[in-house]
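Inside the fold
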Amino acid sequence: MATPLYRSIAAELRQRIRSGALPVGASLPSEAHLCEEFSASRGPVRQALATLRDEGLIGGGQGKKAVVLDAVPSQPFESFLSFTRRAELTGHTPGQRLQEIALRRPEPEVAAALHIDPDDLVVQLLRLRLLDGRPAMLERMTYVEPVGRPLIAADLDSGSIYAMLTEWGVDLHSARHTFDAVPADAVDARLLNVPEGTPLLRERRLTTDSQGVPLEWSEDRYRSDVASVTVTNTRSSRTAML
């Protein structure tokens, strides 16, 4: 299936922003110029610009000139997508390198998060995620044994664990995300290629099934130069004012 034209336009403009050809503060070419450059009508051009606005890369619109706001696409808080899918949607080539996987007893705080006994076995893994071949994020993932055990024999360098588990029929229904900043420890520094103590964006995630039973506890640490998060709040007209 051919890539929609607006996605191709968005990918090209995203690359120009990421490379610095369109630096933060620069104005994008006019819609007329983009239509001519990409041999496109205004529809696909406007869709491409809307995509970049949704990612937080550009501002403007409604008669105002589009201006570059950031060089790092933001991940919408609402989405529950794999790292692989997020990378593809924002024009990057994802990759991964498994560092270790083991069947072991969890740390007390992890057992508490998963609502299991500290003597129960879990599957824990450490995996480095890449964007365009560059270290981007380090995953520390813990799965309850029935969910995680098949991963031990799987090729975890082949792509998304989320997609793999979904294909196997695992009921990944909801996730609670907590974000903060932490300094890079020795393992982070070595694998993410940053100095020890460098601030990293940390995402702690508890994933549950449709019955609310915990299946996964994950702590992901992102290089701050390749990831950011946006939260959009909308007040319903039915919401009471307290």
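Residues numbered from 1 in each chain as written. Predicted model: local features only at pLDDT ≥ 70, side-chain atom pairs only at ≥ 80, totals over all residues. Heavy atoms only, no water.

A look at unusual backbone geometry
- Even without a glycine there, the phi angle at serine 39 is positive, about 50°.
- With respect to the helices and strands, the residue serine 39 is situated in the loop between helix 2 (31-38) and helix 3 (42-54).
- A positive phi angle, close to 60°, is found at asparagine 193, a residue other than glycine.
- Of note, asparagine 193 is situated in the loop between helix 8 (186-192) and strand 8 (199-208). (Helix = DSSP H or I, 4+ residues; strand = E, 2+ residues; numbered from the N terminus.)

So, the packing of helix 1 (residues 5-19) against helix 3
- One can describe the packing of helix 1 onto helix 3 by two numbers: an axis separation of 8 Å at closest approach and a directional angle of 50°. When the axes of helix 1 and helix 3 are compared, the pair comes out oblique. Seen along the crossing, helix 1 lies across helix 3 with a hand that is right-handed. Side by side, helix 1 and helix 3 meet where Leu5, Tyr6, Ile9, Ala10, Leu13 and Arg14 of the first sit next to Pro44, Val45, Gln47, Ala48, Leu49, Thr51 and Leu52 of the second.
- Its residues placed into classes, the contact of helix 1 with helix 3 shows 10 nonpolar, 2 polar and 1 charged. (Axes fitted to C-alpha atoms, helices over the stretch in contact; angles between N-to-C directions. Parallel < 35°, antiparallel > 145°, perpendicular 65-115°, else oblique. Left-handed = near helix turned anticlockwise from the far one by under 90°. Contact = heavy atoms within 4.5 Å. Nonpolar A, V, L, I, M, F, W, Y, C, P; charged D, E, K, R; others polar.)

Focus: the sheet that holds strand 7 (residues 174-183)
- The 6 strands are arranged 4-5-6-9-8-7 in an open sheet whose pairing can be described as antiparallel. Among the strands making up the open sheet, the edge pair consists of strand 4 (94-104) and strand 7. Put simply, the sheet's adjacent strands are angled 15° from each other on average, direction ignored.
- Sheet topology places strand 7 next to strand 8; 10 bridges connect them, and they run antiparallel. From the neighbouring strand, proline 183 faces strand 8, where its bridge partner is proline 199. (Pairing = 2+ DSSP bridges.)

Quick notes on the pairing of strand 8
- In terms of burial, strand 8 is largely enclosed, as 8 of its 10 residues are buried.
- Relative to strand 9 (residues 214-223), strand 8 runs antiparallel, the two sharing 9 bridges. Paired with threonine 207 across the bridge in strand 9 is glutamate 216.
- Taking the residues that link successive antiparallel strands as the turn, the strand 8-strand 9 hairpin has 5 residues, and the phi of glycine 212 there is positive, at about 85°. (Buried < 20%, exposed > 50% of the residue type's maximum accessible area, 1.4 Å probe, protein only.)

Overview of the environment of serine 224
- Within the secondary structure, serine 224 is located in the loop between strand 9 and strand 10 (229-230).
- The exposure class of serine 224 is partly exposed, given its relative accessible area of 49%.
- Spatially, the C-alpha atom of serine 224 lies 9.4 Å from that of methionine 137, the residues being 87 residues apart in sequence.

A few points about the environment of serine 158
- Inspection of the secondary structure puts serine 158 in the loop between helix 6 (145-148) and helix 7 (161-167).
- For the pair formed by serine 158 and glycine 95, sequence separation is 63 residues and the distance between their alpha carbons is 8.2 Å.
- Among all residues touching serine 158, those that are not within four sequence positions of it are Gln96 and Met164.
- Among the polar contacts made by the side chain of serine 158, one reaches the main-chain carbonyl oxygen of aspartate 155 at a distance of 2.7 Å. (Polar contact = N/O pair within 3.5 Å; in protein donor to acceptor, adjacent residues only side chain to side chain.)

Overview of the confidence of the model for the protein
- Put simply, the protein has an average pLDDT of 86, and 86% of its residues get 70 or more.
- Ranking the elements of the protein by mean pLDDT puts strand 3 (residues 75-76) last with 55 and helix 8 first with 97.
- Overall, residues 236-242 carries pLDDT values under 50, and its contacts beyond four positions in sequence, including any with other chains, amount to 1 contact. (pLDDT = per-residue confidence, 0-100.)

Looking at helix 1
- In this model helix 1 runs 21 Å from its N-terminal to its C-terminal C-alpha over 15 residues, within 8% of the 21 Å that 1.5 Å per residue would give.
- Listing the buried residues of helix 1 in full gives Ile9, Ala10, Leu13, Arg14 and Ile17. Looking down the long axis of helix 1, one finds its buried residues gathered within 135° of arc, a one-sided arrangement.
- Glycine 20 sits one or two residues past helix 1 and shows a positive phi near 95°. (Expected span 1.5 Å × (residues − 1). Arc of directions from axis to C-beta.)

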